[in-house]
Amino acid sequence: MAFSAVDAALAAVFGLLIGSFLNVVIYRLPKMMERQWAEECAELSGNAAQAAAVAPFNLMHPRSACPRCGHQIRWWENIPVLSYLALRGRCSACGTAISLRYPAVELATGALFAYAVWRWGATATGLAWCGFSAALLALALIDWDTTLLPDDITLPLLWAGLLAAALHWTPVPLEAALWGAVAGYLSLWLVYHVFKLATGKEGMGFGDFKLFAALGAWFGWQALVPIILMASVIGAIVGIAMKLTSGLREGGYVPFGPFLALAGLTAMVFGPGAVLGVLGL
């Protein structure tokens, strides 16, 4: 147990570092996608030179900086959680408040990594669930901010679930994982088209199909019903609360991806069967 505690503590520290990187991914990946779309449009319209002239923007460049004054973040200002506390949540140059989300993401990632290693040990299985947790956390916040679920995360998450099943890193047989991915995608695809035929509106995006397929790959087809039920309940509660507090965005929509991600994390911690018990089913 002591050895497991040490492993969990080291995983927590590693999770804090990964959480710091996730903050970069959450902020930059949607902007990278938008720039890519703009460059493709420029090339198709014959403005290839304009597309080529755009300054590089990716997860590594340019260096992180204060969005208000442009102050480049020094290494000691980028230590997970500690730098936020030392700076008292403000930019050292202009005093602009730094969002509490940054240390919150770091702490959440550290906690999830510590849990995965405490439960499964410093093994391939433990590391696999660490990666699963990081991916879902990033997807939840990106979708909440932008209503986008990037293929750059959802598709590797899906394939990782199938690979983990094939290598016996998860207790899900490969056949159940494969059919989980198929059923996860097709079920929401069917709901999407039925809703569109009935209302003329799009109730969700294709990214939701891929995310649900990925959850099916990680947990098997048997877990899809409890996961979608949990996601729906969480989404309904949050949606009602936002409506009562006038927190809904223009158009009155709430992205579904964050609730799928939260249901997936709940299933990881408590098991899909426990979800049904919470719902009284």
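Everything below is about the structure printed above this text.
Attention in this report is confined to the structure presented alongside it. Being a predicted model, the structure only gives us computed values, none of them experimental.

## Some points on the packing of aromatic side chains
- For the structure shown, the criterion picks out 14 aromatic pairs.
- Ring geometry for W120 against W129: centres 5.3 Å apart, planes inclined by 20°, an arrangement best described as stacked.
- When its relative accessible area of 24% is taken as the criterion, W120 is described as partly exposed.
- With a centroid separation of 5.5 Å and an interplanar angle of 40°, the aromatic rings of W129 and F219 are classed as tilted. Residue W129 is found in helix 5 (residues 124–146), and its partner F219 is found in helix 8 (residues 206–219); the two are separated by 90 residues along the sequence. For the pair shown, W129 and F219 are each scored as buried.
- Feature note: the residues Y115, W118, W120, W129, F132, W218 and F219 constitute an aromatic cluster, connected by ring pairs.
- Residue placement shows R28 over the ring face of F57; its charged tip is 5.4 Å from the ring centre.

## Re the packing of helix 7 (residues 174–199) against helix 8
- One way to put it is that helix 7 packs onto helix 8 with a least axis distance of 7 Å and a crossing angle of 155°. Put simply, helix 7 runs roughly antiparallel to helix 8. Considering only the axes of helix 7 and helix 8, their crossing is right-handed. On helix 8, the residues touching A176, A177, G180, A181, G184, Y185, S187, L188, W189 and Y192 of helix 7 are F206, D208, F209, K210, F212, A213, G216 and A217.
- Here the residues of the contact of helix 7 with helix 8 are counted per class, giving 12 nonpolar, 4 polar and 2 charged.

## Digging into the nonpolar core
- Membership of the largest hydrophobic core comes to 62 residues, with the highest contact counts inside it found for F132, L157 and F219.
- Mapped by element, the contributors of at least two residues to this core are helix 1 (2–44), helix 4 (101–120), helix 5, helix 6 (151–166), helix 7, helix 8, helix 9 (224–244) and helix 10 (257–270).
- The dominant element in this core, judged by the number of residues it contributes, is helix 5, at 13 residues.
- For L157, the residues in contact, after removing those within four places along its chain, are F132, A135, L136, L139, L211, A214 and W218.

## Notes on unusual backbone geometry
- For the bond from H61 to P62, the omega torsion is -5°, close enough to zero to count as cis.
- Residue placement: P62 occurs in the loop between helix 2 (48–52) and helix 3 (82–86).
- Although it is not a glycine, V81 adopts a positive phi angle of roughly 65°.
- Summarising the element assignment, V81 is placed in the loop between helix 2 and helix 3.
- Positive phi values are uncommon outside glycine, yet H168 reaches one of about 65°.
- As for its placement among the helices and strands, H168 is situated in the loop between helix 6 and helix 7.
- Classification of H168 as exposed rests on a relative accessible area of 67%.

Rules used throughout
- Residues numbered from 1 in each chain as written.
- Predicted model: local features only at pLDDT ≥ 70, side-chain atom pairs only at ≥ 80, totals over all residues.
- Heavy atoms only, no water.
- Phe/Tyr/Trp six-rings, centres within 6.5 Å; stacked < 30°, edge-to-face > 60°.
- Buried < 20%, exposed > 50% of the residue type's maximum accessible area, 1.4 Å probe, protein only.
- Helix = DSSP H or I, 4+ residues; strand = E, 2+ residues; numbered from the N terminus.
- Lys NZ or Arg CZ within 6 Å of the ring centre and 35° of its normal.
- Axes fitted to C-alpha atoms, helices over the stretch in contact; angles between N-to-C directions.
- Parallel < 35°, antiparallel > 145°, perpendicular 65-115°, else oblique.
- Left-handed = near helix turned anticlockwise from the far one by under 90°.
- Contact = heavy atoms within 4.5 Å.
- Nonpolar A, V, L, I, M, F, W, Y, C, P; charged D, E, K, R; others polar.
- Core = buried A, V, L, I, M, F, W, Y, C linked by side-chain atoms within 4.5 Å.

So far we have only geometry, and geometry alone does not tell us how the molecule works.
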